[in-house]
Amino acid sequence: MEFSSKLLEKAVNEMSQLPGIGKRTALRLVLHLLRQPGNQTIELADALRNMRSEIKFCKSCNNISDSELCEICKNPHRNEELICVVEDIRDVMAIENTSSFKGLYHVLGGKISPMDGIGPNDLNIQPLVEKVKQGKVKELIFALGSTMEGDTTNFYIYKQIQEFDITTSTIARGISVGNELEYTDEVTLGRSIINRIPFEVSLKS
Ligand SMILES: [Zn+2]
């Protein structure tokens, strides 16, 4: 792609680093921004810069947060004995949208995937095991989606906490194999949390 402006070229190159954005789409977006009133583009740039420099990860659940503890962990009406284990913030958002869950979350930041070189130590698993060890948690609900990586991750965590006095369950399999939680409709997802099944039962099926 030949550019008449180095500034334009730089903006297009940066934009095309985003997932799913090729050079052509990047050019279209950049030209769109160029046609907007100046302050709109500056507000976008400021929002991105502030997000990058100021955002935190909740020190309890690892969810993305503006403060040390996220709004969910801070809420005294949530049941801290019940923890839903999810992959990332998109799953937290999807489950929150169902209004069916009043416990807390634990965000792993991914799933175990040997193919991609992601092992248990690359994920936020140890802090979860520590929470269980402290004895405050009564039930863990695995909500990682029914992929092979999800199953592997569930089983790994299950093995780590098996010796403790805790119930483990998994969201009901109304969710088809390979579907990510964020694409599941709210009613189905809400129901699958309410009708969760003991993890041991899911191992036999
Ligand atoms: Zn939190």
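The rules behind these values
- Throughout this document, residue positions are counted from 1 along each chain, in the order its sequence is written.
- With pLDDT at 70 or above as the cut-off, local features in this predicted model cover only qualifying residues; side-chain atom pairs require 80 or more to be listed or tallied, and sums for whole chains, interfaces and linings still use all residues.
- Think of the side-chain values as coming from all heavy atoms in the structure, minus any hydrogens and water.
- The pairing criterion for strands is at least two bridges between them, as found by DSSP.
- Helix and strand labels come from DSSP, where a helix needs a run of H or I of at least four residues and a strand needs a run of E of at least two; each type is numbered from the N terminus.
- The criterion used for residue contact is that any of the two residues' heavy atoms lie within 4.5 Å.
- Angles run from 0 to 180 degrees between N-to-C directions of axes, and those axes are lines fitted to C-alpha atoms, restricted for helices to the stretch in contact.
- Accessible area is worked out with a 1.4 Å probe on protein chains only. A residue is then buried under 20% of its type maximum, exposed over 50%, and partly exposed in between.
- By convention here, the domain bounds are inherited from an automatic or database domain assignment.
- Each metal site is built from N, O and S donor atoms within 2.8 Å (3.2 Å for Na, K and Ca), and since water is not included, such sites may look incomplete.
- Metal sites are grouped by the angles between bound donors: all angles between 85 and 135 degrees with four donors is tetrahedral, opposite donors over 155 degrees apart with the others between 65 and 115 is square planar for four donors and octahedral for six, and any other pattern is irregular.
- Handedness of a crossover is defined as follows: with both strands directed away from the viewer, a clockwise route from the first strand across the helix to the second makes it right-handed.
- Relative orientations are named as follows: roughly parallel for angles under 35 degrees, roughly antiparallel for angles over 145 degrees, roughly perpendicular for angles from 65 to 115 degrees, and oblique for any other angle.
- Paired rings are identified among Phe, Tyr and Trp, the last through its six-membered ring, by centres lying within 6.5 Å, and are further divided according to the angle between planes into stacked (under 30 degrees), edge-to-face (over 60) and tilted (the rest).
- Salt bridge, as used here, is a side-chain nitrogen of Lys or Arg placed within 4 Å of a carboxyl oxygen of Asp or Glu.

Chemist: Explain the sheet that holds strand 4 (residues 103-107) to me, please; I cannot follow it from the model alone.
Modeler: Strand pairing in a sheet relies on backbone hydrogen bonds. The paired strands run either parallel or antiparallel. Overall, mixed pairing links the five strands, which are arranged 4-3-5-6-7 in an open sheet. Here the strands that pair on one side only, and so sit at the sheet edges, are strand 4 and strand 7 (197-198). Pairing of strand 6 (residues 167-170) with strand 7, which is carried by two bridges, proceeds in the antiparallel orientation. In the sheet register, Ser169 faces strand 7, and the bridge partner there is Pro198. Of the strands in this sheet, strand 3 (79-86) and strand 4 touch helix 5 (residues 89-98), which is tilted by about 160 degrees from strand 4.

Chemist: Honestly, the side chain of Arg78 in this entry has me stumped. Any pointers?
Modeler: Residue placement: Arg78 occurs in the loop between helix 4 (71-74) and strand 3. Overall, the relative accessible area of 12% leaves Arg78 in the buried class. With residues up to four places along the chain from it excluded, the contact list for Arg78 reads Ile72, Glu96, Phe101, Lys102, Gly103, Leu104 and Tyr105.

Chemist: Honestly, the domain arrangement of the protein chain in this entry has me stumped. Any pointers?
Modeler: A common way to report how large an interface is uses the accessible area buried once the components associate. Taken domain by domain, the protein chain consists of domain 1 (6-54) and domain 2 (68-204). Between the C-alpha centres of domain 1 and domain 2 the distance comes to 35 Å.

Chemist: What should I look at first to understand the coordination of the zinc ion in this one?
Modeler: Ideal coordination angles are 109.5 degrees for a metal with four donors arranged tetrahedrally and 90 or 180 degrees for a metal with six donors arranged octahedrally. Within the protein, Cys58 (SG), Cys61 (SG), Cys70 (SG) and Cys73 (SG) serve as the donor atoms for the zinc ion, at 2.3 Å. For the zinc ion, the four donor atoms in the first shell make angles of 104 to 117 degrees at the metal, a pattern classed as tetrahedral. Along the chain, the residues donating to the zinc ion are arranged with the sequence spacing C-x2-C-x8-C-x2-C. Residue classification places Cys61 among the buried positions, given a relative accessible area of 2%.

Chemist: Would you mind going over the pairing of strand 5 (residues 139-142) with me for this structure?
Modeler: Consecutive side chains along a regular strand alternate between the two faces of the sheet. Burial of the side chains of strand 5 extends over both faces: Glu139 and Ile141 are buried on one face and Leu140 and Phe142 on the other. Examined bridge by bridge, strand 3 and strand 5 share four bridges and lie parallel to one another. The partner of Val85 across the bridge, within strand 5, is Phe142. Pairing of strand 5 with strand 6 involves four bridges; the strand directions are parallel. Bridge pairing in strand 6 links Glu139 to Thr167. Running through helix 7 (residues 148-161), the crossover from strand 5 to the neighbouring parallel element strand 6 is right-handed.

Chemist: What is the right way to look at the packing of helix 5 against helix 8 (residues 186-194) in this model?
Modeler: Geometrically, a packed helix pair is captured by the angle between its two axes and the distance between the axes. Put simply, helix 5 and helix 8 touch, their axes get as near as 8 Å, and they point 90 degrees apart. In terms of orientation, helix 5 lies roughly perpendicular with respect to helix 8. Contacts between helix 5 and helix 8 involve Ala94, Ile95, Asn97 and Thr98 from the first element and Glu186, Leu189, Gly190 and Ile193 from the second.

Chemist: How should the packing of aromatic side chains be read in this particular structure?
Modeler: Aromatic ring pairs: the centre-centre distance and the angle between the two ring planes describe each pair. Applying the stated rule across the entire model yields four aromatic pairs. Ring plane angle 65 degrees and centroid distance 5.0 Å describe the contact between Phe142 and Phe199, whose orientation is recorded as edge-to-face. Taken as a pair, Phe142 in strand 5 and Phe199 in helix 9 (residues 199-204) lie far apart in primary sequence, 57 residues in all. Since its relative accessible area comes to 3%, Phe199 is described here as buried. Ring pairing ties together the aromatic residues Phe142, Phe155, Tyr158 and Phe199, which thus form one cluster.

Chemist: Would you take a moment to explain the pattern of salt bridges for this structure?
Modeler: Pairing of side chains with opposite charge becomes possible as their charged atoms draw close. By the definition in use, this model includes 11 salt bridges. Arg196 is the partner of Glu139 in a salt bridge, and the nearest nitrogen-oxygen pair spans 2.6 Å. One end of the pair, Glu139, is in strand 5; the other, Arg196, is in the loop between helix 8 and strand 7, with 57 residues separating them in the sequence. Judged by its relative accessible area of 15%, Glu139 falls in the buried class. When its relative accessible area of 27% is taken as the criterion, Arg196 is described as partly exposed.

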